[in-house]
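Notes for the structure review
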Amino acid sequence: MPRNSSFNSPFLLGFERLEQMLDSASRGTGDGFPPYNIEELPDARLRISLAVAGFTEDDIDIQLEARQLVIRGRQEDDSADRTFLHRGIAARQFMRKFVLADGIEVADAFMENGLLNIDLTRPAEETPARSIPIRR
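This report concerns the structure included in the present document. Counting starts from 1 at the beginning of each chain's written sequence and moves along it residue by residue. Only residues with pLDDT of at least 70 are given local features in this predicted model, and only at 80 or more are side-chain atom pairs given and counted; all residues enter the totals for whole chains, interfaces and linings. Side-chain figures throughout are based on the complete set of non-hydrogen atoms in the structure, without hydrogens or water.

Notes on the pattern of salt bridges
By salt bridge we mean one thing: a side-chain nitrogen of Lys or Arg within 4 Å of a carboxyl oxygen of Asp or Glu. Counted under the stated rule, the structure contains 4 salt bridges. Among the ionic pairs, R122 bridges to E40, the shortest N-O distance being 2.6 Å. Of the two residues, R122 is situated in the segment after β7 (115–121) and E40 in strand β1 (residues 36–41); the sequence distance between them amounts to 82 residues. Under the scheme applied here, a residue whose accessible area is under 20% of the maximum for its type counts as buried, over 50% as exposed, and between as partly exposed, the area being computed with a 1.4 Å probe on protein chains only. For R122, a relative accessible area of 32% puts it in the partly exposed group. Look at E40 and you get exposed, because its relative accessible area is 60%. Put simply, E65 and R72 hold a salt bridge, and the shortest N to O gap is 3.3 Å. A residue is classified by how much of its surface remains accessible, and R72, at 30% relative accessible area, is partly exposed. Secondary structure elements follow DSSP: runs of H or I of four or more residues count as helices, runs of E of two or more count as strands, with numbering from the N terminus.

Remarks on the sheet that holds strand β2 (residues 45–51)
What the 4 strands build is an open sheet, ordered β1-β2-β7-β6; its pairing is antiparallel. The open sheet terminates on both sides in strands that have one partner only, identified here as β1 and β6 (105–112). Ignoring strand direction, the axes of neighbouring strands in this sheet form an average angle of 20 degrees. Relative to β2, β1 runs antiparallel, the two being bridged by 6 bridges. Each residue of the ladder has a partner; that of E39, found in β2, is R47. Pairs of strands are assigned from DSSP output, requiring at least two bridges between the strands. Lines fitted to C-alpha atoms define the axes here, with helix axes fitted over just the stretch in contact, and angles between the N-to-C directions of these axes take values from 0 to 180 degrees.

Quick word on the nonpolar core
In this text, buried Ala, Val, Leu, Ile, Met, Phe, Trp, Tyr and Cys residues form a nonpolar core when linked through side-chain atoms within 4.5 Å. If you look at the biggest cluster of nonpolar residues, it comprises 16 residues, and the most contacted ones within it are L69, I71 and L120. Elements with a contribution of two residues or more to this core: β2, β4 (68–74), β5 (93–99) and β7. Residue contacts follow a heavy-atom distance rule, with two residues in contact if any of their heavy atoms lie within 4.5 Å. Setting aside anything within four residues of it in sequence, one finds L69 in contact with I48, I62, Q63, L64, R96, K97, F98, L100, V106, I118 and L120.

Regarding the pairing of β4
β4 sits mainly inside the fold: 5 of its 7 residues count as buried. Taken together, the 6 bridges between strand β3 (residues 60–65) and β4 define a ladder with antiparallel strand orientation. Note on β4: the bridge partner recorded for I60 is G73. Connecting β3 to the next strand, β4, in antiparallel fashion are 2 residues, including A66 with a positive phi near 50 degrees. Pairing geometry for β4 and β5, over 7 bridges, is antiparallel.

Structure representation (structure tokens):
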């Protein structure tokens, strides 16, 4: 059974990879943790900022997997040797995925004030026109 797709037009050739990336992005995690911002910086850069209070650099793993930026966080549960009268801050884990377009590169990652910041660069847009000769 053929799938209903916006890319079924005969004029859209070679967009299968884009369709797969859109499908992957739409299946992202839905729990909303951790919250994040994406901002545009000068010089064609982007920054993803995730609120990861309570996590250390050792608790977080950042991987680039098939054009997906995958950020995983895992905290050790140290409650065995502690007695809580109230426990409102749970040790938890998370996974966030961001699909990156071709040409987007991860430039830097750093933590500051409970935020994990990941800087991305994107290539300058080139739209050169060229003539295609017709052979005889």
